[in-house]
Amino acid sequence: MGPTRKPNVCSRLSRRALGCFSRDAGVVQRTNLGILRALESTKFKNVWTTHSRSPIAYERGRIYFDNYRRCVSSVASEPRKLYEMPKCSKSEKIEDALLWECPVGDILPNSSDYKSSLIALTAHNWLLRISATTGKILEKIYLAPYCKFRYLSWDTPQEVIAVKSAQNRGSAVARQAGIQQHVLLYLAVFRVLPFSLVGILEINKKIFGNVTDATLSHGILIVMYSSGLVRLYSFQTIAEQFMQQKLDLGCACRWGGTTGTVGEAPFGIPCNIKITDMPPLLFEVSSLENAFQIGGHPWHYIVTPNKKKQKGVFHICALKDNSLAKNGIQEMDCCSLESDWIYFHPDASGRIIHVGPNQVKVLKLTEIENNSSQHQISEDFVILANRENHKNENVLTVTASGRVVKKSFNLLDDDPEQETFKIVDYEDELDLLSVVAVTQIDAEGKAHLDFHCNEYGTLLKSIPLVESWDVTYSHEVYFDRDLVLHIEQKPNRVFSCYVYQMICDTGEEEETINRSC
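Quick notes on the rules
Residues numbered from 1 in each chain as written. Predicted model: local features only at pLDDT ≥ 70, side-chain atom pairs only at ≥ 80, totals over all residues. Heavy atoms only, no water. Helix = DSSP H or I, 4+ residues; strand = E, 2+ residues; numbered from the N terminus. Contact = heavy atoms within 4.5 Å. Salt bridge = Lys/Arg side-chain N within 4 Å of Asp/Glu carboxyl O. Buried < 20%, exposed > 50% of the residue type's maximum accessible area, 1.4 Å probe, protein only. Pairing = 2+ DSSP bridges. Axes fitted to C-alpha atoms, helices over the stretch in contact; angles between N-to-C directions. Core = buried A, V, L, I, M, F, W, Y, C linked by side-chain atoms within 4.5 Å. Phe/Tyr/Trp six-rings, centres within 6.5 Å; stacked < 30°, edge-to-face > 60°. Disulfide = S-S within 2.5 Å. Polar contact = N/O pair within 3.5 Å; in protein donor to acceptor, adjacent residues only side chain to side chain.

Chemist: How should the overall build of the protein be read in this particular structure?
Modeler: Helix and strand counts for the protein stand at 6 helices and 36 strands. In the protein, the share of contacts with a sequence separation of at least 24, taken over all contacts with a separation of at least 6, comes to 46%.

Here is the structure:
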């Protein structure tokens, strides 16, 4: 009898995405359960560790070093170098980047467009499209000479990007002379592949008042104030109403007495959207530290009342009329140095995740019975930290006279000697919640990554991380199919990367070899 091999988990996932299984619902369900069973019989092994003096980034199987100049693939059993771009000066380094992936079903102008690209922003205001497999520069756009662009973000994921400038503080001489800078920042908006310019918008204090920041998300211009006020405007309405001139990349343009090519140096792209009057307001709300989120079904938003004593209290309200949902005031019953956090579940289920030091609450938003216009918040499930159930400790001291005195004190909920939740994330392909829990043992912290069923919260697997976890460092943990990657930033800008790969359990691996002989 020929050798038998255990089906690869990632191969199963890829086949499921391509629809290679029978249309029968029972077959799909059995396949999905088989994937989870395979997860339970595997373990993760630390296969690679490296250190760097520059930030380390991770995007879908690719690890980036040296400010995105060097790319390593983590898909193989050991990471291998995909490419290394030529060394460049400090002014040419990549400051921010986004991974663009080819849309399914779209007809694109060039064959290279059907492969993933890295959209990168350099320190000297160039926007680049780089091949994610070879590092070759496919397109380049010079943004502008009149400001310093610094941040990249998706306005509409994989479709529209927003490039945000640093805030204009003005020169020291201008500030001493009392000259005010009215333009706070600029937002450059592009459609991707093929690259086309929507426009560059200026955020002017003469129009918006004492604004402290602004950003673009899903076609909404979000403007924030020091008072905690958050205002929302339609970017499309603003562009239609206040665009001074339509500009096309690569075309000749005359602007302010100067002629040049749009998107080429030194001309760049003029600011062609200048608001001259207050645009129509869509929505406004006041929140502590401008914290504001929208999500759920139907649309709801989460804010913290704009008072310092309300920190850690979250209100969940309907977007249509600002009405508070039933049980819509959520407050974690905990005493800790670090505050808890809350956000809408990224699985598009409309649920809400509320994370504290010792528990993760998954909340659901449902209609109130016999009243479809009002909604209520209820617990879907709760994940609890594995810790001893005590809230205080007793300490015995002996006075000079020999009298024994007992003192009691309360333990913080994020006391380092107790298991504490630090990171909660969602893995969409396996439909799992990943939770990082840390416990301080003697002088060093030990962490483990737990996988929970996204539907019921059941613990499916726990992976110990072999490296020490210092709670004072900055940490990122990624779980991507058969990969776990831990990036930490130590003092003096030392970055470390720990890569774990999924392998068969040793006992099972030996059993498989014996069966194959």
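Chemist: Just checking my understanding: could you explain the pattern of salt bridges for this structure?
Modeler: One side chain can pair with another of opposite charge once the charged atoms of both are near each other. Here the structure, examined in full by the defined rule, presents 16 salt bridges. Residue R60 pairs with E101 through a salt bridge whose shortest N-O separation is 3.2 Å. On the criterion of sequence distance, the pair formed by R60 in the loop between β2 (57-59) and β3 (62-65) and E101 in the loop between β6 (94-100) and β7 (117-122) is long-range, its members being 41 residues apart. Among the residues examined, R60 registers a relative accessible area of 47% and is labelled partly exposed.

Chemist: In this structure, what is going on with the sheet that holds strand β35 (residues 483-490)? I would like to understand it.
Modeler: In sheet architecture, strand pairing relies on hydrogen bonds along the backbone and comes in two forms, parallel and antiparallel. Within the open sheet, the 4 strands sit side by side as β1-β36-β35-β34. Their pairing is antiparallel. Every interior strand has two partners, whereas the edge strands, β1 (42-52) and β34 (474-480), have only one. With direction set aside, neighbouring strand axes in the sheet form an average angle of 15°. Direction of pairing for β34 relative to β35: antiparallel, over a ladder of 7 bridges. What sits directly across from D480, in β35, is L483.

Chemist: Mind showing me how you'd approach the nonpolar core here?
Modeler: As a rule of thumb, soluble globular proteins bury nonpolar side chains together. Judged by nonpolar contacts, the single largest core of 30 residues is most densely connected at I119, L127, F149, I161, V163, F190 and I269. Of all the secondary structure elements, the ones that give two or more residues to this core are β6, β7, β10 (149-156), β11 (160-165), β12 (183-191) and β13 (196-204). Top contributing element to this core by residue count: β12, with 4 residues. When sequence neighbours within four positions are dropped, the list of residues in contact with L127 reads I119, A120, E139, K140, I141, L143, L152, I161, V163, F190 and F195. If you look at the next biggest cluster of nonpolar residues, it comprises 25 residues, including L187, Y225, F242 and I275.

Chemist: Teacher, can you tell me more about the packing of aromatic side chains here?
Modeler: The relative placement of two aromatic rings is captured by the distance of their centres and the angle of their planes. On inspection of all chains with the given rule, the structure shows 13 aromatic pairs. Arranged with centres 5.2 Å apart and planes meeting at 45°, the rings of Y58 and Y478 form a pair that is tilted. Taken together, the residues Y58 in strand β2 and Y478 in strand β34 connect sequence positions 420 residues apart. Since its relative accessible area comes to 23%, Y478 is described here as partly exposed. Through a chain of ring-to-ring contacts, three or more aromatic side chains come together here, namely F44, F451 and F479.

Chemist: I'm lost on the pairing of strand β36 (residues 494-504) in this one. Help?
Modeler: The two faces of a sheet get side chains in turn, since along a regular strand they alternate between them. Counting buried positions along β36 gives 8 out of 11 residues, so the element sits mostly inside the fold. Pairing of β35 with β36, which is carried by 8 bridges, proceeds in the antiparallel orientation. The residue of β36 that forms the bridge with H486 is Y498. Between β35 and β36, which pair antiparallel in sequence order, lie 3 residues; one of them, N492, sits at a positive phi of approximately 60°.

Chemist: I keep staring at the state of the cysteines and nothing clicks. Help me out?
Modeler: A covalent bond bridging the sulfur atoms of two cysteines is what the word disulfide describes. The full count for this structure, using the stated rule, is 0 disulfides. No disulfide involves C271; its nearest neighbouring cysteine sulfur is the one of C147, lying 8.5 Å away. Taking relative accessible area as the criterion, C271 reaches 6% and is therefore assigned buried.

Chemist: Please clarify how the environment of V362 should be interpreted in this entry.
Modeler: Mapped onto the fold, V362 is located in strand β26 (residues 359-368). Overall, the relative accessible area of 0% leaves V362 in the buried class. Sequence spacing of V362 and R351 is 11 residues, and the spatial spacing of their C-alpha atoms is 6.9 Å. Those residues in contact with V362 that lie beyond four places of it in its chain are R351, I352, I353, S378, E379, D380, F381 and L433.

Chemist: Would you explain the sheet that holds strand β16 (residues 229-234) in this entry?
Modeler: With respect to topology, 4 strands assemble into an open sheet ordered β14-β15-β16-β19, the strand pairing being antiparallel. Either end of the sheet is taken by a strand with one partner, and the two such strands are β14 (211-217) and β19 (283-286). In this sheet, neighbouring strand axes are inclined to one another by 20° on average, regardless of whether the strands run parallel or antiparallel. For β14 and strand β15 (residues 220-225), the ladder comprises 6 bridges, and the chain directions are antiparallel. Paired with A214 across the two strands is V223, which belongs to β15. Together, β14, β15 and β16 form the strand contacts of helix α5 (residues 235-242), whose direction differs from that of β16 by roughly 60°.

Chemist: Is there a simple way to think about the side chain of N290 in this case?
Modeler: With respect to the element layout, N290 can be found in the loop between β19 and β20 (292-295). At 3.1 Å, the side chain of N290 forms a polar contact with the backbone oxygen of Y225. When neighbours within four sequence positions are excluded, N290 is seen to be in contact with M224, Y225, G228, L229 and V230.

Chemist: Looking at this structure, how should I read unusual backbone geometry?
Modeler: Leaving glycine out, the prevailing phi sign among residues is negative, and the prevailing peptide bond configuration is trans. Backbone torsion omega between A265 and P266 reads 0°, so that peptide bond is classified as cis. Looking along the chain, the bond that leaves H297 and enters P298 is cis, with omega of -10°. Secondary-structure assignment places P298 in the loop between β20 and β21 (300-303). At D66, a position not held by glycine, the phi torsion is positive, near 50°. With respect to the helices, strands and loops of the structure, D66 is situated in the loop between β3 and β4 (70-73). Positive phi, close to 50°, is recorded for H218, a residue that is not glycine.

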